[in-house]
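# Structure assessment
Spelled out, the chains give:
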Amino acid sequence: MTFTPRVFSGIKPSGDLHLGNYLGAIRRFVPMQDTHDCIYCVVDMHAITVWQDPAELRRWTLELTAAYLAAGLDPKRTILFNQSQVYQHAELAWIFNCVARMGWMNRMTQWKDKAGKNAEAQSVGLFAYPALMAADILLYKATHVPVGEDQKQHLELTRDIAQKFNNDFSASIAAHGLDADYFPLTEPVITGAATRVRSLRDGAKKMSKSESSSDMATIYLMDDADMIAKKIKKAKSDPEPLPSEEVGLKERPEADNLVGIFAALSDRTKADVLSEFGGQGFGAFKPALADLAVSVLGPMAAEMRRYVSDPAEIERILGDGATRAGAIAEQTMAEVRKIIGFVR
Ligand code: TRP
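Attention here is on the structure that accompanies the text. (Residues numbered from 1 in each chain as written. Predicted model: local features only at pLDDT ≥ 70, side-chain atom pairs only at ≥ 80, totals over all residues. Heavy atoms only, no water.)

### A word on the packing of helix α1 (residues 19-35) against helix α3 (residues 54-71)
The interhelical angle for the contact between α1 and α3, taken along N-to-C directions, is 55°, at an axis separation of 9 Å. By the angle between their directions, the pair α1 and α3 is classed as oblique. Between α1 and α3 lies a crossing whose hand is right-handed. On the side of α1, the interface is formed by Y22, I26, F29 and V30, while α3 contributes L64, A67, Y68 and A71. The residue inventory of the contact of α1 with α3, partitioned by class, reads 8 nonpolar, no polar and no charged. (Axes fitted to C-alpha atoms, helices over the stretch in contact; angles between N-to-C directions. Helix = DSSP H or I, 4+ residues; strand = E, 2+ residues; numbered from the N terminus. Parallel < 35°, antiparallel > 145°, perpendicular 65-115°, else oblique. Left-handed = near helix turned anticlockwise from the far one by under 90°. Contact = heavy atoms within 4.5 Å. Nonpolar A, V, L, I, M, F, W, Y, C, P; charged D, E, K, R; others polar.)

Right under this line is the structure:
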């Protein structure tokens, strides 16, 4: 069977939103609304795989929803909802916990990185995280998932789970008159290199909301114009002028990052940005980047604040999204319960 193309993606409400979330994820979700049936989620159940302060979790959930809306997601065309409001995510995740193998989970590099040498002290939920992610995607039989490079392995696991489910239950799937490839083999839509935003203090590290070493490393979406300009001015760079061609950015991770941010914010290629700024030093480039960042992020922040000041409206939008997501999710679960042999 051929599946109707459908996009699903999610972001964890587990910290203040930053430029990396915006350029790498949220902003890329917007144009997909014109070409695909889209479902975007605030994955609060994934957030609690590590401890979250309840008041902060609530605030971040509202802020992330506000960011989705401020960036241009249209809650009429697109389903925008909060994961924990559609209980079928937990239900299908449990079933997938029983489909996935310990060995598969153990091989996840994100688990290994996060657990480090202290796996014993991690939550069971952190280990099972990828099964919940597979449930998010497959509840809606999503065919395409826009994510960063670091989520590719989780998407492979999602395909492994879909395939094993389709195989393990093939007889029951057929007996219920359902298509043999019951769950689709979902494809990642990987973020382009130009939108892989790095820390402003260390070009080798990803820009992150949990960066503890220095707050100057991260531009937050709620930063005001002065703060954005200050962070860009203080960003790590090097003494060389910018090259005129992209190859000249090799071995210059900080320069590459700043040019990449400029390119992404202005919807241009790095080559195009370098054709303008090649030969100029950071003394000229940084103020231009600061102006650009303020002109793009300023209006976005204002719009976010407007939404955040009206939590009842955000809750209404999330409620509506949950109703629509829940209707699709329940259709899938009604079939899955039969396939499994659960008596209702
Ligand atoms: N694991 C993803 C991340 O950390 C977030 C996520 C949860 C997700 N469920 C998803 C992304 C489903 C895409 C689809 O970025």
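### Examining the environment of K114
Here K114 is to be found in helix α6 (residues 109-115). For K114, a relative accessible area of 40% gives the class partly exposed. Separated by 13 residues in sequence, K114 and F127 have C-alpha atoms that sit 9.7 Å apart. Contacts of K114, omitting those with residues within four sequence positions, involve K12, Q122 and L126. (Buried < 20%, exposed > 50% of the residue type's maximum accessible area, 1.4 Å probe, protein only.)

### Concerning the pattern of salt bridges
When their charged atoms lie close together, side chains carrying opposite charge are able to pair. Applying the stated criterion across every chain yields a total of 24 salt bridges. The partner of E315 in a salt bridge is R58, with the nearest N and O atoms 2.8 Å apart. Of the two residues, E315 sits in helix α14 (residues 311-340) while R58 sits in helix α3, which places them 257 residues apart along the sequence. Salt-bridge contacts for D238 lead to R252; the nearest nitrogen and oxygen are separated by 2.7 Å. On the criterion of sequence distance, the pair formed by D238 in the loop between α10 (225-234) and α11 (253-265) and R252 in the loop between α10 and α11 is long-range, its members being 14 residues apart. Connected through salt bridges with shared partners, the residues D16, E56, R59 and E63 form a single ionic network. (Salt bridge = Lys/Arg side-chain N within 4 Å of Asp/Glu carboxyl O.)

### Things to note about a positive patch on the surface
A grouping of R201, K230, K233 and K234 is seen on the molecular surface, where their side chains present a positively charged patch. In this fold, K230 is placed in helix α10. On the basis of relative accessibility, which here comes to 42%, the residue K230 falls in the partly exposed class. (Patch = residues over 30% accessible without salt bridge, like charges linked within 9 Å, V, L, I, M, F, W, Y side chains within 5 Å. Areas by Shrake-Rupley, 256 points an atom, 1.4 Å probe, with all protein chains shown as cover. Lys, Arg positive; Asp, Glu negative; His and termini not counted. Charge placed at Lys NZ, Arg CZ, Asp CG, Glu CD.)

### Quick look at the side chain of D223
Inspection of the secondary structure puts D223 in the loop between β5 (187-190) and α10. Residue class for D223 comes out buried when judged on its relative accessible area of 13%. Of the polar contacts made by the side chain of D223, one reaches the side chain of K231; its length is 2.8 Å. In contact with D223, not counting residues within four places along its chain, are T218, I228 and K231. (Polar contact = N/O pair within 3.5 Å; in protein donor to acceptor, adjacent residues only side chain to side chain.)

### Details of the packing of aromatic side chains
Here the structure, examined in full by the defined rule, presents 16 aromatic pairs. Both rings, one in F96 and one in F183, keep their centres 5.7 Å apart while their planes meet at 75°; by these two values the pair is edge-to-face. Highlighted residues: F96 in helix α4 (residues 88-99) and F183 in the loop between α9 (170-175) and β5, separated in sequence by 87 residues. The same class applies to F96 and to F183, which are both buried. Between F165 and Y182 the ring centres are 6.3 Å apart and the planes differ by 35°, which places this aromatic pair in the tilted class. Taken together, the residues span a long stretch of sequence, with F165 in helix α8 (residues 152-168) and Y182 in the loop between α9 and β5 at a distance of 17 residues. Of the two residues, F165 and Y182, both sit in the buried class. What links up through ring pairs into an aromatic cluster is the set F96, F165, F169, Y182 and F183. Just above the ring of Y307 sits the side chain of R306; from NZ or CZ to the centre is 4.9 Å. (Phe/Tyr/Trp six-rings, centres within 6.5 Å; stacked < 30°, edge-to-face > 60°. Lys NZ or Arg CZ within 6 Å of the ring centre and 35° of its normal.)

Just distances and angles here, no functional claims.
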